Amino acid sequence: MSVQQDFGLPLRGEFLARYLDNLARLERLHRLMLDLIKDEFERLGLVEINPVQALLLFNIADHEVTAGELKSRGYYQGSNVSYNLKKLVELGYVHHKRCALDRRAVRVRLTDEGREVRDHVAAMFERHAHALQKDGVLDFATLDSVARTLKRIERFWGDQIRYIY
């Protein structure tokens, strides 16, 4: 007979295997999302920006933000966001200006060209959401349950960073 934890929890090894499988799936989903954006942009002839830069434009949306704010929202790592914002400024997708209070910080907002790219990404996500629902791949309750689960994992990991180390 195998040793099982209290309350009918799965065996430790089985839980770990499922946890690792889900972590790998999250990584693959992120890479697939980037590939979807890349393919969409190739079809549109938008080849001068990469998928990470397109997501940056999507997440900036109608806001005026600093690189630090984008980083603190959990979207990007520091050097990655700074490099990509610099490239987006050079390409004319983002306006930038120094903050009046903190001259080291730079605030960015989308140009008309940046909003156009953001709209393409938003339209693609909207098409995908519609197809997922229409084709019965996901319903709202399942999507809501997944969101709650991912939020609990996000909170757990954040707590591990803040309180364990």
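Overview of the confidence of the model for the protein
Now for step 1: Across the protein, pLDDT averages 88, with 88% of residues at or above 70.
Now for step 2: When mean pLDDT is taken per element in the protein, helix α5 (residues 112–134) scores highest with 97 and helix α3 (residues 67–72) scores lowest with 81.

Thoughts on the environment of V89
Now for step 1: Tracing the chain through its elements places V89 in helix α4 (residues 78–91).
Now for step 2: Separated by 21 residues in the primary sequence, V89 and L110 have C-alpha atoms spaced 9.2 Å apart.
Now for step 3: Other than its neighbours up to four places away in sequence, V89 contacts V94 and H96.

Examining the nonpolar core
Now for step 1: Core analysis: the biggest nonpolar cluster contains 23 residues, and F41, I49, L57, L85, Y93 and V117 have the highest contact counts within it.
Now for step 2: The set of elements that each furnish at least two residues to this core consists of α1 (12–44), α2 (51–60), α3, α4, β3 (106–110) and α5.
Now for step 3: No other element matches α2, which puts five residues into this core.
Now for step 4: Contacts of L57, omitting those with residues within four sequence positions, involve I49, L88, Y93, V94, L110, G114, V117 and R118.

A short note on the packing of aromatic side chains
When we look at a pair of aromatic rings, we describe it by the centre distance and by the angle of the planes.
Now for step 1: Counted by the stated rule, this structure contains one aromatic pair.
Now for step 2: Taking the centre distance of 5.2 Å and the plane angle of 85° together, the rings of F58 and F125 count as edge-to-face. Note that F58 is positioned in helix α2 and F125 in helix α5, a separation of 67 residues in sequence.

Considering unusual backbone geometry
If a residue is not glycine, its phi is most likely negative; likewise, a peptide bond is most likely trans.
Now for step 1: With phi around 50°, A61 is a residue other than glycine that occupies positive phi space.
Now for step 2: By secondary structure assignment, the location of A61 is in the loop between α2 and β1 (65–66).

Brief notes about α1
Now for step 1: With 33 residues, α1 should cover 48 Å at 1.5 Å per step; its first-to-last C-alpha distance of 48 Å lies within 8% of that length.
Now for step 2: Those residues of α1 that sit buried are L34, I37, E40 and F41.
Now for step 3: Elements in contact with the buried residues of α1: α2 and α5.
Now for step 4: Looking at the residues trailing α1, positive phi occurs at G45, about 80°.

Parameters at a glance
- Residues numbered from 1 in each chain as written.
- Predicted model: local features only at pLDDT ≥ 70, side-chain atom pairs only at ≥ 80, totals over all residues.
- Heavy atoms only, no water.
- pLDDT = per-residue confidence, 0-100.
- Helix = DSSP H or I, 4+ residues; strand = E, 2+ residues; numbered from the N terminus.
- Contact = heavy atoms within 4.5 Å.
- Core = buried A, V, L, I, M, F, W, Y, C linked by side-chain atoms within 4.5 Å.
- Buried < 20%, exposed > 50% of the residue type's maximum accessible area, 1.4 Å probe, protein only.
- Phe/Tyr/Trp six-rings, centres within 6.5 Å; stacked < 30°, edge-to-face > 60°.
- Expected span 1.5 Å × (residues − 1).

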